Amino acid sequence: MTDAEMQNETEDRQRILVADDEASIRRILETRLKMVGYDVVVAEDGEDAINAFNKSNPDLVVLDVMMPKVDGYGVTREIRRTSDVPIIILTALGDVSERITGLELGADDYVIKPFSPKELEARVKAVLRRTNNREAVAPTGGKVTKNVITTGNIKIDTARRQVFRKNERIRLTGMEFSLLELLVNNSGQAYSRNEILQHVWAYPPDHRIDTRVVDVHISRLRSKLESDPANPELILTARGIGYMFQRIN
């Protein structure tokens, strides 16, 4: 293989930024992720992670919460100022508040330490697949014109994975859009939190995960889409079940 072919192959690979202050974790994840075909950039603290993110333009970030200089929350805030790139946070086993805070700041998923590299590989693959999905599916009702679903003053472009209110774009992360797309495409149908985790996050039915991942993402969507998030009119709570999008007529 020529140098040019090798360079093109590297450029075609999806790039993962791994930020963790533990050298052993960085080394293991770099090795394993490269083995399954990703280009990997590593950072040993939060400041290094921000610089690496700006220089490398990764397709996904794996981010430890507890890091020196700038913690994972600060890095997440900085990334979310300019980018919707998917973020998976690494969090301690017993600290639920860490996970919720990370999700509220814009992380897409989490993996609990200690974890197996295989588990992280599965989460990376699932999140990338969902956030890069460009397949448009017709909803059960509503007005659809050239892959654009309109409900009230909200327009959802399923081809470009973009959302607009009165022609002003609303920035959503990839997982937020995938969640919205599931509910809109099945408007009027209630989904349980576990069903949403299976459809959007690709978690198997028997996998144990805090279903508040769904609650936090619903809250984030409502804050961006609803005129009054405390009294939602679009994304409704189906009491005793989960969530649904208002029926589109």
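In this report, the structure presented in the accompanying data block is examined. Each chain has its residues counted from 1, following the order in which its sequence is written. Reporting of local features is limited, given that this is a predicted model, to residues whose pLDDT is at least 70; pairs of side-chain atoms are given and counted only at 80 or more, and all residues count toward the totals for whole chains, interfaces and linings. To obtain the side-chain values, all non-hydrogen atoms of the structure were used and water was disregarded.

**With respect to the sheet that holds strand 5 (residues 109-113)**
Here is the rule we go by: In this description, strands pair whenever DSSP reports at least two bridges between them. Starting at the N terminus, helices and strands are each numbered in turn, a helix being any DSSP run of H or I of at least four residues and a strand any DSSP run of E of at least two. Where helices are involved, their axes are fitted lines through C-alpha atoms of the stretch in contact, as for all axes, and angles between N-to-C directions lie from 0 to 180°.
The strand order across the open sheet built from five strands is 2-1-3-4-5, with neighbouring strands paired in parallel fashion. On the outer flanks of this sheet lie strand 2 (39-43) and strand 5, each paired with one strand and no other. Pairs of neighbouring strands in the sheet enclose a mean axial angle of 20°, with direction left out of account. Of the pairings in the sheet, the one linking strand 3 (residues 60-64) to strand 4 (residues 87-92) comprises four bridges and is parallel in character. Across the sheet, V61 pairs through a bridge with I87, a residue of strand 4.

**Considering the sheet that holds strand 12 (residues 235-238)**
We apply this condition: Two residues qualify as a contact provided that any one of their heavy atoms is within 4.5 Å of a heavy atom in the partner residue.
Read from one edge to the other, the open sheet built from three strands follows the order 11-13-12, with strand pairing classed as antiparallel. Either end of the sheet is taken by a strand with one partner, and the two such strands are strand 11 (191-192) and strand 12. Bridging between strand 11 and strand 13 (residues 242-245) involves two bridges; their strand directions are antiparallel. Bridging across to strand 13, Y191 finds its partner in Y243. Contacting strand 12 and strand 13, helix 9 (residues 212-225) crosses the sheet at an angle of about 145° to strand 12.

**Focus: the side chain of D45**
Definition in use: Relative accessibility thresholds used throughout: buried, under 20% of the residue-type maximum; exposed, over 50%; partly exposed, between the two (1.4 Å probe, protein chains only). Definition of a polar contact: a pair of N or O atoms within 3.5 Å, with one able to donate and the other able to accept a hydrogen when the atoms are protein atoms, and with sequence-neighbouring residues admitted only if both atoms are side-chain atoms.
Within the fold, D45 resides in the loop between strand 2 and helix 3 (46-56). In this structure D45 comes out as buried when scored by relative accessible area, which is 7%. Within the structure, the side chain of D45 is placed 2.7 Å from the backbone nitrogen of D48, a separation counted as a polar contact. Not counting residues within four places of it along the chain, the set of residues in contact with D45 comprises M67, P68 and K69.

**Some thoughts on the pairing of strand 9 (residues 162-165)**
Pairing between strand 8 (residues 154-157) and strand 9: four bridges, direction antiparallel. Its bridge partner lying in strand 9, I156 is registered against V163. Between strand 8 and strand 9, which pair antiparallel and follow one another directly, the connecting turn spans four residues, one of which, R161, has a positive phi of 55°. Between strand 9 and strand 10 (residues 168-170), which pair antiparallel and follow one another directly, the connecting turn spans two residues, one of which, K166, has a positive phi of 50°.

**What about the packing of helix 3 against helix 4 (residues 72-82)?**
Rules: Small angles under 35 degrees read as roughly parallel and large ones over 145 as roughly antiparallel, with 65 to 115 read as roughly perpendicular and the rest as oblique. Left-handed is the label given to a crossing in which the near helix is rotated counterclockwise from the far helix by less than a right angle, and right-handed is the label when the rotation is clockwise. As a working rule, the residues Ala, Val, Leu, Ile, Met, Phe, Trp, Tyr, Cys and Pro are called nonpolar, Asp, Glu, Lys and Arg charged, and the rest polar, with Gly in that last group.
As a packed pair, helix 3 and helix 4 sit with axes 9 Å apart at the nearest point and diverge in direction by 20°. In terms of orientation, helix 3 lies roughly parallel with respect to helix 4. Considering how the two elements wind past one another, helix 3 and helix 4 form a crossing that is right-handed. Here G46, A49, I50 and F53 of helix 3 come into contact with helix 4, specifically with V75, E78 and I79. Classifying every residue of the contact of helix 3 with helix 4 gives five nonpolar, one polar and one charged.

**Overview of the pattern of salt bridges**
Once the charged atoms of two side chains with opposite charge are near each other, the side chains can pair. Applicable threshold: For this analysis, a salt bridge means a side-chain nitrogen from Lys or Arg found within 4 Å of a carboxyl oxygen belonging to Asp or Glu.
According to the stated counting rule, one finds 18 salt bridges in the structure shown. With its nearest N and O atoms 3.1 Å apart, the salt bridge here joins E30 to K34. A residue pair is termed a helical-turn pair when its members lie 3 or 4 positions apart in one helix, as E30 and K34 do in helix 2 (residues 23-35) at four residues. Measuring nitrogen to oxygen at the nearest pair gives 2.9 Å for the salt bridge that ties D157 to R160. Of the residues examined, D157 reaches a relative accessible area of 8% and is grouped as buried. Linked by salt bridges that have partners in common, D20, E22, D64 and K113 make up one network.

**Focus: the environment of N54**
Within the secondary structure layout, N54 lies in helix 3. Separated by 25 residues in the primary sequence, N54 and I79 place their C-alpha atoms 8.8 Å from one another.

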